[in-house]
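Topology and contacts: notes
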Amino acid sequence: MTVKETALKGCFTIQPNVFEDKRGYFFESFNQGKFEEHIGIKIDFVQDNESKSQKGVLRGLHFQIPPYAQAKLVRVVQGEVLDVAVDLRKDSPTFGKHQSVLLTAKNKTQFFMPRGFAHGFLVLSDTAIFSYKIDNVYAPDHDTGIIWNDKDLNIDWQFEKEKLILSEKDKNLQSFKNFKSPF
Ligand SMILES: Cc1cn([C@H]2C[C@H](O)[C@@H](COP(=O)(O)OP(=O)(O)O[C@H]3O[C@H](C)C(=O)[C@H](O)[C@H]3O)O2)c(=O)[nH]c1=O
């Protein structure tokens with residue numbers, strides 16, 4: 001596996017070794033020991049999630065506040081998404097900065113973000129199945145987010161905004177300037 005740290009400290013892209021033969025392919029989608037060795041921290045994923053969305057769906061920017069903050073290891077098993085992590089760690093030199101990564105079933109790239117990040121993705125293919133691991137359980141009372149088109153975050157979602165599909169919840173998330181970081 002090839003693991004590269006992004007410009008946001010603690011966030012990594014992971015490229016698994018894929019073994020192809022006449023039957024198809026095989027790869028280890030997660031290996032605890034190798035993962036911890038590469039990212040340099042111990043991680044205990046406690047929940048796997050999967051969502052399927054149609055083209056133009058934008059889910060995010062979401063995070064849970066402490067004590068239910070979540071680290072996430074995300075990947076796409078069908079289709080293509082633009083995945084975005086935003087640094088919410090108030091003492092980080094990249095506070096408010098984001099990293100975008102193209103995740104596809106074809107490239108099999110995975111993206112890890114530690115606790116203290118907002119996360120969202122936009123579906124670029126007709127449909128996409130998104131699969132991810134989190135290291136803290138879902139806590140709806142601690143689940144919140146920042147609006148996808150926040151001017152200060154200035155994320156280029158590379159998609160016509162008129163064609164975006166968002167949940168009512170996501171349409172009404174707070175702005176970054178009103179956000180007080182608990183991280
Ligand atoms: C996240 C979650 C949701 N749910 C239930 C709650 C709702 O009834 C339903 C849909 O939830 P929501 O609209 O929050 O799902 P997403 O918009 O995909 O939220 C996720 O999308 C972004 C990209 C993330 O990074 C987070 O993991 C998460 O916030 O699933 C659960 O039962 N458990 C869970 O862990």
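One structure accompanies this document, and this report is about it. (Residues numbered from 1 in each chain as written. Predicted model: local features only at pLDDT ≥ 70, side-chain atom pairs only at ≥ 80, totals over all residues. Heavy atoms only, no water.)

Topic: the overall build of the protein
As a reminder, the rule being used: Under the DSSP-based scheme used, a helix requires at least four consecutive residues in state H or I and a strand at least two consecutive residues in state E, with every element numbered from the N terminus. The globule rule used for comparison is 2.2 Å times the number of residues to the exponent 0.38, while the radius of gyration itself is calculated over C-alpha atoms. Contacts are assigned to residue pairs with any non-hydrogen atoms lying within 4.5 Å of each other. Using the Shrake-Rupley algorithm and a 1.4 Å probe, accessible areas are obtained, with residue cover drawn only from the displayed protein chains. Here Asp and Glu are counted as negative and Lys and Arg as positive; His is not counted, and neither are the chain ends. Think of each charge as sitting on NZ of Lys, CZ of Arg, CG of Asp or CD of Glu.
Of the regular secondary structure elements, the protein holds two helices and 13 strands. Whereas a compact globule of 183 residues would reach a radius of gyration of roughly 16 Å, the protein reaches 16 Å, a difference of no more than 12%. C-alpha extents for the protein along the principal axes are approximately 55 × 35 × 30 Å. Sequence separation of at least 24 residues holds for 79% of the intrachain contacts in the protein that already meet a minimum separation of 6. Just so you have it, the protein exposes about 9,900 Å², and 49% of that area is on carbon and sulfur atoms. Taken together, the 25 basic and 24 acidic charged side chains of the protein have centroids lying 2 Å from each other.

Some words on the pairing of strand β7 (residues 72-78)
Regular strands place side chains that alternate from one sheet face to the opposite one. Stated formally: Think of it this way: DSSP has to see at least two bridges between two strands before they count as a pair.
Two elements, β7 and strand β10 (residues 110-113), share three bridges in a ladder whose sense is antiparallel. Paired with Leu73 across the bridge in β10 is Phe112. Two strands pair when backbone bridges link them, and β7 and strand β12 (residues 127-134) are joined in this way by six bridges, in the antiparallel orientation. Residue pairing across strands places Leu73 opposite Lys133, the latter belonging to β12.

Some points on the site of the ligand
This is how the line gets drawn: By convention in this text, a residue qualifies as near a molecule or strand provided that one of its non-hydrogen atoms is within 4 Å of it. Nitrogen and oxygen atoms within 3.5 Å of one another constitute a polar contact, given that in protein one can donate a hydrogen and the other can accept it, and given that sequence-neighbouring residues count only through two side-chain atoms.
Around the ligand, the structure places Gln47, Asn49, Arg59, His62, Lys72, His119, Phe121, Tyr132, Tyr138 and Lys169. Within the side chain of Arg59, a nitrogen or oxygen atom sits 2.8 Å from an oxygen atom of the ligand. Take Lys169: an N or O atom from its side chain is 3.0 Å from an oxygen atom of the ligand. In the complex, the protein chains occlude 65% of the 650 Å² of accessible area that the ligand would expose alone. Looking at the shell around the ligand, the elements that each hand over two or more residues are β5 (47-54), β6 (58-64) and β11 (117-123).

Some details on the pattern of salt bridges
Rules: Salt bridges are defined by distance alone: a side-chain nitrogen of Lys or Arg within 4 Å of a carboxyl oxygen of Asp or Glu.
Using the criterion set out here, one finds ten salt bridges in the structure. For the salt bridge of Glu160 with Lys163, the shortest nitrogen-to-oxygen distance reads 3.2 Å.

As for the environment of Gly145
By secondary structure assignment, the location of Gly145 is in strand β13 (residues 143-145). A C-alpha to C-alpha distance of 9.3 Å links Gly145 and Lys169, two positions 24 residues apart in sequence. Setting aside residues up to four positions removed in sequence, Gly145 forms contacts with Leu61, His62, Phe63, Leu173 and Gln174.

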